[in-house]
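Structural description and commentary
Now for the letters of each chain:
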Amino acid sequence: MNSKFDYDKIIETVENLGMFDCVKVLDVVGSTNDYLKESYNDFDRGVVFAKRQTNGRGRLGRTWLSEYGGCLMFSMLIKPEISDDIVAFVTQLTASVIHKTLVKYTGSGYGIKIKWPNDIMLRDKKICGILTERIVMRGEKSSIIIGIGLNLYESITDETLVDIASTIEKETGVFVNSSEFIKDFFLEFFRALENFTFKNTISSDIISYINENFYLMDKVVTTNDVTGVCGGIDESGHLVVDGKKIISGIVESVSEY
Ligand code: BTN
């Protein structure tokens, strides 16, 4: 197991923040998202880190491979009061906070970008993926599980991933201290989330931040059978391609304009 992660320090740091009713590190688990799905009734706010996942999942039924050992993998369970029509924005809010926190450690010169709706990219390679899932039960506040896989250390060796994914350490040479990163991330995440729930509206500051750091901006993209120049995201967090609004989907191809 990768010794660059000090999980005892991560636990101590997160417990000291006092933001969660449940903080766990698991040696091995199928998927941290699935773990929280099974225990979502036991607490209001929880976070689970995994040293290893045997069934890590990505969006749209994809697999999240992380056997190389340098990936920080965790999921959070939150139960915020947010209107249904804007709750999906939590994924992009999370991406913006991951981006901001990474840039704090690496500096802005490396061109770390946010790719709609759930990836962080560096030099055309994915360094972080976010999987947000929602549990809706009649009569209960809905639960949101946000799973994050952040490639911090070493190099990706899996031959199916080596051309499309990389790590912060490999691309920048910067060693990000994981417990410090986690602390900064949670402080900023819950500040932004509280603002989002309090106002119950999508912040124009976050939209601007994402557009300023948007991987797809001004590129020709194909998504949901629409091909055209990407104009970023609109005030609702929807992708704009060729002037058309894309609410959800995958970006199938990207090329320079
Ligand atoms: C994606 O890129 O499609 C999202 C990837 C999300 C991976 C993380 S790793 C921790 C958490 N547990 C999972 O099974 N998936 C997320």
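Structure shown above.
Residues numbered from 1 in each chain as written. Predicted model: local features only at pLDDT ≥ 70, side-chain atom pairs only at ≥ 80, totals over all residues. Heavy atoms only, no water.

Secondary structure summary: the protein chain contains six helices and 12 strands in total. The C-alpha atoms of the protein chain give a radius of gyration of 18 Å, which matches the 18 Å a tight globule of 257 residues would have. For the protein chain, the spread of C-alpha atoms along the three principal axes comes to 45 × 45 × 30 Å. Counting the 257 residues in the protein chain, one finds 55% classified as buried. Pairs at least 24 residues apart make up 65% of the contacts formed inside the protein chain by residues separated by at least 6 positions. Accessible surface computed for the protein chain: about 12,000 Å², of which carbon and sulfur atoms make up 46%. If you average the places of the 28 positive and of the 37 negative side-chain charges in the protein chain, the two averages end up 1 Å apart. (Helix = DSSP H or I, 4+ residues; strand = E, 2+ residues; numbered from the N terminus. Rg over C-alpha atoms; globule rule 2.2 N^0.38 Å. Buried < 20%, exposed > 50% of the residue type's maximum accessible area, 1.4 Å probe, protein only. Contact = heavy atoms within 4.5 Å. Areas by Shrake-Rupley, 256 points an atom, 1.4 Å probe, with all protein chains shown as cover. Lys, Arg positive; Asp, Glu negative; His and termini not counted. Charge placed at Lys NZ, Arg CZ, Asp CG, Glu CD.)

Its 22 residues place the ends of helix α5 (residues 178-199) 31 Å apart at the C-alpha level, agreeing with the 32 Å of an ideal helix rising 1.5 Å per residue. Phi for N200, located one or two positions after α5, is positive at around 50°. (Expected span 1.5 Å × (residues − 1).)

Further remarks concern the site of the ligand. Of all residues adjacent to the ligand, which total 21 residues, the nearest are S31, Q53, R57, R59 and K126. The side chain of Q53 places a nitrogen or oxygen atom 2.9 Å from a nitrogen atom of the ligand. K126 places a side-chain nitrogen or oxygen 2.4 Å from an oxygen atom of the ligand. Considered on its own, the ligand offers 420 Å² of accessible surface; in the complex 98% of this is hidden by protein. Contributing elements (two or more residues each) for the shell around the ligand: α2 (32-38), β3 (71-78), β6 (125-135) and β7 (143-151). (Near = heavy atom within 4 Å. Polar contact = N/O pair within 3.5 Å; in protein donor to acceptor, adjacent residues only side chain to side chain.)

A few words now on the pattern of salt bridges. Two side chains of opposite charge can pair, provided their charged atoms sit close to one another. Inspection of every chain in the model, using the stated rule, returns 18 salt bridges. Residues K100 and E188 are paired through a salt bridge, measuring 3.4 Å at the closest nitrogen-oxygen approach. Linking K100 in helix α3 (residues 89-106) with E188 in helix α5, this pair joins segments that are 88 residues apart in sequence. Note on E188: relative accessible area 18%, which makes it buried. Overlapping salt bridges bring together D34, K37, R57 and E133 as one network. (Salt bridge = Lys/Arg side-chain N within 4 Å of Asp/Glu carboxyl O.)

As a further point, take the sheet that holds strand β4 (residues 113-115). One open sheet accounts for seven strands, arranged β1-β2-β3-β7-β6-β5-β4; its pairing is mixed. Every interior strand has two partners, whereas the edge strands, β1 (22-26) and β4, have only one. Between one strand axis and the next, the sheet turns through 15° on average, direction left out of account. Two elements, β6 and β7, share eight bridges in a ladder whose sense is antiparallel. Looking at the pairing, T132 lines up with I146 of β7. Contacts from helix α1 (residues 7-17) reach β1, β2 (46-50) and β3, with the element oriented near 170° to β1. Strand contacts of α5: β2, β3 and β7, with the helix running at about 30° to β3, the strand carrying the most contacts. (Pairing = 2+ DSSP bridges. Axes fitted to C-alpha atoms, helices over the stretch in contact; angles between N-to-C directions.)

Packing of α3 against α5 brings their axes to within 9 Å, and their N-to-C directions diverge by 140°. Judged by the angle between their axes, α3 and α5 are oblique. Our pair here, α3 against α5, has a crossing hand that is right-handed. Residues F89, V90, L93, T94, V97, I98, K100, T101, L102, K104 and Y105 of α3 touch α5, and the partners they reach there are E180, F181, D184, F185, E188, F189, A192, L193 and F196. Taken together, the residues of the contact of α3 with α5 break down into 13 nonpolar, two polar and five charged. (Parallel < 35°, antiparallel > 145°, perpendicular 65-115°, else oblique. Left-handed = near helix turned anticlockwise from the far one by under 90°. Nonpolar A, V, L, I, M, F, W, Y, C, P; charged D, E, K, R; others polar.)

Within the secondary structure, T172 is located in helix α4 (residues 168-172). Reaching out from T172, the side chain makes a polar contact with the backbone nitrogen of V174 at a distance of 2.9 Å.

Locating F190 in the fold gives a position in helix α5. A C-alpha to C-alpha distance of 13 Å links F190 and V14, two positions 176 residues apart in sequence. When residues no more than four places from it in sequence are discounted, the contact partners of F190 are M19, F20, R45 and I78.

Right, let's get into the packing of α3 against helix α6 (residues 204-212). Look at α3 against α6: their axes get within 10 Å of each other, and the N-to-C directions meet at 60°. As far as their axial angle goes, α6 and α3 are oblique. For the element pair α3 and α6, the recorded crossing hand is left-handed. Contacts between α3 and α6 involve F89, Q92, L93, S96, H99 and K100 from the first element and I206, I207, Y209 and I210 from the second. Of the residues contributing to the contact of α3 with α6, the split by class is six nonpolar, three polar and one charged.

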